[in-house]
Amino acid sequence: MKYDTEFFEWVEAHKDDDTARLRLKYGRERADEILQIECRRKYGAKLGDVLSERPMFVFATALSGEQSTSWRLAQFHAAMVAPGSHVADLTAGLGIDAYAMSRHARVTAIERDPAVAGALRHNYADVASMTVIEADCRDFVRECIDKGETFDAVFIDPARRDAGGGRVFALDGCEPDVTAMMPDLLRMARKVIVKASPMLDITHTLGELPQAVTVIALGTTTECKELDIVCLTDVTPVTIQAVTLGSDFEAAFSFSPADETMAGAKYAIPVAGDYVFDPYPAVMKSGAMRLLGQRYGLAKLAANTHLWTGKEAVDDFPGHRFVVEEVLPYASKHIKRYASRYPRVSLTTRNFDVAAPALKSKLGVVDGSDVRLFAVTAQDGSKLLVTCRPD
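Let me sum up the structure you'll find in this document. Keep in mind that this is a model prediction, so the values were computed, not measured.

1. Points about the overall build of the chain
Consideration 1: Of regular secondary structure, the chain possesses 16 helices and 16 strands.
Consideration 2: Overall, the C-alpha framework of the chain stretches about 70 × 60 × 35 Å when taken along its three principal axes.
Consideration 3: A sequence separation of at least 24 residues applies to 65% of the contacts in the chain between residues at least 6 apart.
Consideration 4: For the chain, the accessible area works out to roughly 18,100 Å², and carbon and sulfur atoms hold 50% of it.
Consideration 5: Computed over 46 positive and 54 negative side-chain charges, the inter-centroid distance for the chain is 6 Å.

2. Side note on the pattern of salt bridges
Consideration 1: This model, assessed by the stated rule, comprises 25 salt bridges.
Consideration 2: Close ionic contact of E53 with R103 constitutes a salt bridge, the shortest N to O distance being 2.4 Å. In this pair, E53 sits in helix α4 (residues 49–53) while R103 sits in the loop between α7 (96–102) and β2 (106–111), placing the two residues 50 residues apart along the sequence.

3. Some details on unusual backbone geometry
Consideration 1: With an omega of 0°, the peptide bond between E175 and P176 qualifies as cis.
Consideration 2: Even without a glycine there, the phi angle at N351 is positive, about 55°.
Consideration 3: Turning to its location among the elements, N351 is positioned in the loop between β14 (346–350) and α16 (356–363).
Consideration 4: Residue N351 is classed as partly exposed on the basis of its relative accessible area of 38%.

4. Regarding the packing of aromatic side chains
Consideration 1: Enumeration according to the criterion identifies 18 aromatic pairs in this entry.
Consideration 2: For the ring pair Y296 and F317, a centre distance of 5.5 Å and an interplane angle of 70° mean the geometry is edge-to-face. Of this pair, Y296 sits in helix α14 (residues 291–296) while F317 sits in the loop between β12 (305–310) and β13 (319–329), and the two are 21 residues apart along the sequence. Assigned by exposure class, Y296 and F317 land together as buried.

Cut-offs and rules
- Residues numbered from 1 in each chain as written.
- Predicted model: local features only at pLDDT ≥ 70, side-chain atom pairs only at ≥ 80, totals over all residues.
- Heavy atoms only, no water.
- Helix = DSSP H or I, 4+ residues; strand = E, 2+ residues; numbered from the N terminus.
- Contact = heavy atoms within 4.5 Å.
- Areas by Shrake-Rupley, 256 points an atom, 1.4 Å probe, with all protein chains shown as cover.
- Lys, Arg positive; Asp, Glu negative; His and termini not counted.
- Charge placed at Lys NZ, Arg CZ, Asp CG, Glu CD.
- Salt bridge = Lys/Arg side-chain N within 4 Å of Asp/Glu carboxyl O.
- Buried < 20%, exposed > 50% of the residue type's maximum accessible area, 1.4 Å probe, protein only.
- Phe/Tyr/Trp six-rings, centres within 6.5 Å; stacked < 30°, edge-to-face > 60°.

Here is the structure:
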């Protein structure tokens, strides 16, 4: 496909049109142009500055847009490689990570799909610090080892789909299998960064990759997006990090597995005027369920109720903070009257044996308020309705 000026003029001219109608009218004749319109609408916000900086950017396939890294996460990945280093991105895809890294490092981007590799060359033709190679990354790695070619760092984001297109999460089920490749990867680079599913169990992952020295649970204020696993040739103690990227901040919580094992926990039931702390999803994923309270001087509501409480407003807690309005037992007289005082709430259940939709129905409440209701089980087994407002 020739991505010339006329191609992009057509995309621009029809960017606001109904793409279903365009397909009926033009069929295969303009299929590639229509794909660009659809992908820009669907993935434009995710790619951020990339599309504004590169107006002739091409999506080779819809799947490449779906699987691409967001620009915000790509910038975080780029910060993991040193300025002036030579990096191999072994699964380049749409090239968002490679492009972010190329701003301060030299990048060799490997892509095995011919169409996607062609789009990569087009999209970054003017980026002198990026070289695109069409190859299976396993063949590329073997060739590098045979030639004695090395890199300062390797970045790899294995595909999380099996041969039938089904989703997979385990590292040894992804394509390629980084657990099998890791010895060779560490022969060609001192540092290997693996982007993995947030569904992975961190302890199990450390067992699969004994070369790992850092595991980063990376997410936003509402979702854990991925695990980034750093493997080094040098054996060092393991560090676990939870990093949350907000709209205008970055919050990090770092610890060792031994820190969590040795941490003590205390428990308490909040009262009106106290604070309740709800960790960001990346912190929850990290598994620091005892250390979190110890480090910030907070009590947990129960061992399996992942909320914390305290008398003071802890400003640097890596999560959301609420002020408690009242705490009620989960009893019939309070259930019947609750909606008369709080008809609209944002409901969260933690370690509670009634699912949120059923509980909303029982309480007679609907969504749509800054009032936050936590339905929880305390350490003594009592069930509570903790009504809060954001602080």
